[in-house]
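# Summary of structural features
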Amino acid sequence: MVELVDTPALGAGGPFTPLEVRVLSPALACAQVIATTRPQLRLARPADVPRIARLHAESWRRHYRGAYADAFLDGDVEPERRHEWSRRLQEPDRGRAATILAEQGGSLLGFVHVIFDDDPTWGALVDNIHVAVAGQRSGLGTRLMAAAAEAVFEREPESGLYVWVLEQNTLAQAFYEARGGRCVERAPAAAPGGVAERLAGAPFKLRYAWPEAEALATAAPLRPPHGLPVSR
Ligand SMILES: CC(C)(COP(=O)(O)OP(=O)(O)OC[C@H]1O[C@@H](n2cnc3c(N)ncnc32)[C@H](O)[C@@H]1OP(=O)(O)O)[C@@H](O)C(=O)NCCC(=O)NCCS
């Protein structure tokens, strides 16, 4: 079983190398190290439902507009996500799926939900991966994918891994391609909760696949998020 807090496989230590800390001015270095202390990963619990649903809804509002209907995104998206996460986490079947959270100083920075043995050809499904805007481009998405892949590998070493990504979501596609994923299929997107009116028109989704989950299970170290000032 994966121990999700402070395991060597998930990486240990702070977000900066000693050299990076030395080149930052002392005050800035102090502020940035405090602000970017390495997030901790752990499995989700039922009490996490409201926070996960809030982050999930915020991320959909920001990134899925154009594919999901405005009326849904500006209306019921958060209660709909709360309902879905309650269903997933009230009595989680640890042999079937895992939800891994990334937290920092008590705040939820991101999460990934992976369903094992989902597809006979492509293996486990990363059903959701979302990082809060403030934490994006810091390596956290990479670390969450690695943790999901590690959980898959521990359960079934031969398993592959795949995700569906909306065709309009080119930034997430860039992330999957950077992680070595290959686009293998295009298909009509599924409506959230199976309610067709929640889609804006008829968007498509793309399947990105990794033949071996193991290839993803090596996390890159965290870096300062893009946009943070770094003195040189
Ligand atoms: C997609 C997502 C999970 C990636 O997480 P992240 O923490 O930002 O990604 P990382 O910092 O680990 O990025 C690793 C690499 O992926 C690529 N990448 C990630 N985000 C990118 C972007 N917005 N544009 C271009 N490339 C990007 C880059 O190559 C990056 O390496 P670099 O920063 O050294 O250039 C995150 O951006 C997110 O939550 N997006 C909104 C929700 C979403 O679309 N989820 C996917 C649903 S299918």
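Residues numbered from 1 in each chain as written. Predicted model: local features only at pLDDT ≥ 70, side-chain atom pairs only at ≥ 80, totals over all residues.

## As for the nonpolar core
Counting residues in each nonpolar core, the largest one holds 43 residues, and the members touching the most others are Val112, Val114, Ala148, Ala149 and Val152. Of all the secondary-structure elements, those providing two or more residues to this core are helix 3 (49-63), strand 2 (97-104), strand 3 (107-119), strand 4 (123-131), helix 6 (140-155), strand 5 (161-166), helix 7 (170-178) and strand 7 (204-210). Apart from residues no more than four positions distant in its own chain, Val152 is found in contact with Val114, Phe116, Ala124, Ser159, Leu161 and Ala213. In this structure, Tyr64, Leu73, Val77 and Ala189 belong to the second largest nonpolar core, which totals nine residues. (Core = buried A, V, L, I, M, F, W, Y, C linked by C-beta atoms within 7 Å. Buried ≥ 20, exposed ≤ 12 C-beta atoms within 10 Å, placed from the backbone. Helix = DSSP H or I, 4+ residues; strand = E, 2+ residues; numbered from the N terminus. Contact = placed C-beta atoms within 7 Å.)

## Here we look at unusual backbone geometry
We note that Asp117 has phi near 50°; this positive angle belongs to a residue other than glycine. By the secondary structure assignment, Asp117 is in strand 3. The class for Asp117 is partly exposed, based on 15 C-beta atoms found within 10 Å.

## A look at helix 6
With 16 residues, helix 6 extends 23 Å from end C-alpha to end C-alpha; this agrees with the ideal 22 Å at 1.5 Å per step. Taking burial as the measure, the 16 residues of helix 6 include 14 buried ones, the bulk of the element. (Expected span 1.5 Å × (residues − 1).)

## A few points about the site of the ligand
Around the ligand, the surrounding shell holds 20 residues, and the nearest of these are Gln136, Gly141, Thr142, Ala174 and Ala178. Within the residue set of the shell around the ligand, elements represented by two or more residues are helix 3, strand 4, helix 6, strand 5 and helix 7. It is helix 7 that contributes the most residues to the shell around the ligand, five residues altogether. Residue composition of the shell around the ligand, grouped by class: ten nonpolar, nine polar and one charged. (Near = placed C-beta within 6 Å. Nonpolar A, V, L, I, M, F, W, Y, C, P; charged D, E, K, R; others polar.)

## A word on the sheet that holds strand 7
Read from one edge to the other, the open sheet built from seven strands follows the order 1-2-3-4-5-7-6, with strand pairing classed as mixed. Each edge of the open sheet carries a strand with a single partner, namely strand 1 (40-43) and strand 6 (182-188). Strand-to-strand twist in this sheet, taken as the mean axis angle between neighbours without regard to direction, amounts to 25°. Bridge count between strand 2 and strand 3: eight bridges; the pairing is antiparallel. Across the sheet, residue Glu103 finds its bridge partner in strand 3, namely Leu108. Running over the sheet, helix 3 touches strand 3 and strand 4 and is turned about 90° from strand 3. (Pairing = 2+ DSSP bridges. Axes fitted to C-alpha atoms, helices over the stretch in contact; angles between N-to-C directions.)

## Remarks on the pairing of strand 3
Linking two consecutive strands that pair antiparallel, namely strand 2 and strand 3, is a turn of two residues; a positive phi of about 55° is found at Gly105 within it. As judged from the seven bridges shared by strand 3 and strand 4, these two strands associate in the antiparallel manner. Among the inter-strand pairings, Phe111 is bridged to a residue of strand 4, identified as His130. The hairpin turn running from strand 3 into strand 4, its antiparallel successor, is three residues long.

## Describing helix 5 (residues 77-90)
The first and last C-alpha atoms of helix 5 sit 20 Å apart over 14 residues, in line with the 20 Å expected at 1.5 Å per residue. Burial in helix 5 covers these residues: Val77, Arg81, Trp85 and Arg88. End-on, the buried residues of helix 5 take up no more than an arc of 55°, which puts them together on one face. For helix 5, the exposed residues set more than 90 degrees away from the buried face come down to Pro79, Arg87 and Gln90. Buried residues belonging to helix 5 abut helix 3, helix 4 (70-73) and strand 2. (Arc of directions from axis to C-beta.)

## A word on the confidence of the model for the protein chain
Across the protein chain, pLDDT averages 84, with 78% of residues at or above 70. In the predicted structure, residues 5-34 sits below a pLDDT of 50 and forms 34 contacts with residues beyond four places in sequence or in another chain. When the criterion is pLDDT under 50, residues 227-232 qualifies, and its contacts beyond four places in sequence or with other chains add up to eight contacts. (pLDDT = per-residue confidence, 0-100.)

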